[in-house]
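Structural features, examined
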Amino acid sequence: FMQTKTNEITNVSNEEIKQYYMNNKDNFKFLKDEVYVTQYVTKEKSSASIIYRQLQSKTREISLDTSLYDFNTGTIEKGVFPKEIDNLLFSGIQKAIEPVAHNDLYFVFLVLSVNKKGSQKGLELVHDEIFQRLYKTASVIQHNTVLDSLKNTINIYINPKFTNQ
């Protein structure tokens, strides 16, 4: 009941989120060097070479059969891969990283963005985190408001045995 009532009256606007971000920018910095990449993994060196060549083209479309490789897009922090791969990822020079062998697999990376330790995170990266912080704060306030309104409208008996006298 309390959660339903609280959720009905708790709102967080985009303007509040933006204002919170602007007032607390120093709290939203990258703690480590990281890159945002699309990672392609295959067992065959020839497939990795084809992917690399296609990533270097203007269209960057991969026409290779998708059963020959796996791919995903995400963030990689410095130190996750061996130093050889880290040096390629964090050099900041190449966008498409040529095939690298590791654990009997071939990796090809397309670096989409590089974020240095201590650099500012954009609002788009921290929007959900800020929303949750503001929502929780507003929810606690609304929870207390609902409780107070119930106390004012309902007669509550408190057994004197359970009060500190």
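The sections below set out a description of the structure shown in this document. (Residues numbered from 1 in each chain as written. Predicted model: local features only at pLDDT ≥ 70, side-chain atom pairs only at ≥ 80, totals over all residues. Heavy atoms only, no water.)

Focus on the pairing of strand S1 (residues 34–42)
With 8 of 9 residues buried, S1 lies mostly within the body of the structure. Here 8 bridges tie S1 to strand S2 (residues 70–77), and the two strands are oriented antiparallel to one another. Residue pairing in the sheet places glutamate 34 in a bridge with glutamate 77 of S2. With 9 bridges connecting them, S1 and strand S4 (residues 105–115) associate as antiparallel partners. If you follow glutamate 34 over to S4, its bridge partner there is asparagine 115. (Buried < 20%, exposed > 50% of the residue type's maximum accessible area, 1.4 Å probe, protein only. Helix = DSSP H or I, 4+ residues; strand = E, 2+ residues; numbered from the N terminus. Pairing = 2+ DSSP bridges.)

Quick look at helix H3 (residues 45–56)
Here H3 is 12 residues long and its end C-alpha atoms lie 17 Å apart, about the 16 Å a rise of 1.5 Å per residue gives. The set of residues buried in H3 consists of Ser47, Ala48, Ile51, Tyr52, Gln54 and Leu55. Relative to the axis of H3, the buried residues are bounded by an arc of 165° and lie together on one face. Of the exposed residues in H3, those oriented more than 90 degrees away from the buried face are Lys45 and Arg53. (Expected span 1.5 Å × (residues − 1). Arc of directions from axis to C-beta.)

Regarding the environment of asparagine 11
Along the polypeptide, asparagine 11 turns up in the loop between helix H1 (2–9) and helix H2 (14–23). In the structure, asparagine 11 is positioned 120 residues away from phenylalanine 131 in sequence and 9.9 Å away in space, judged by C-alpha atoms.

It is worth stressing that arrangement in space is one thing and function is another; only the former is reported here.
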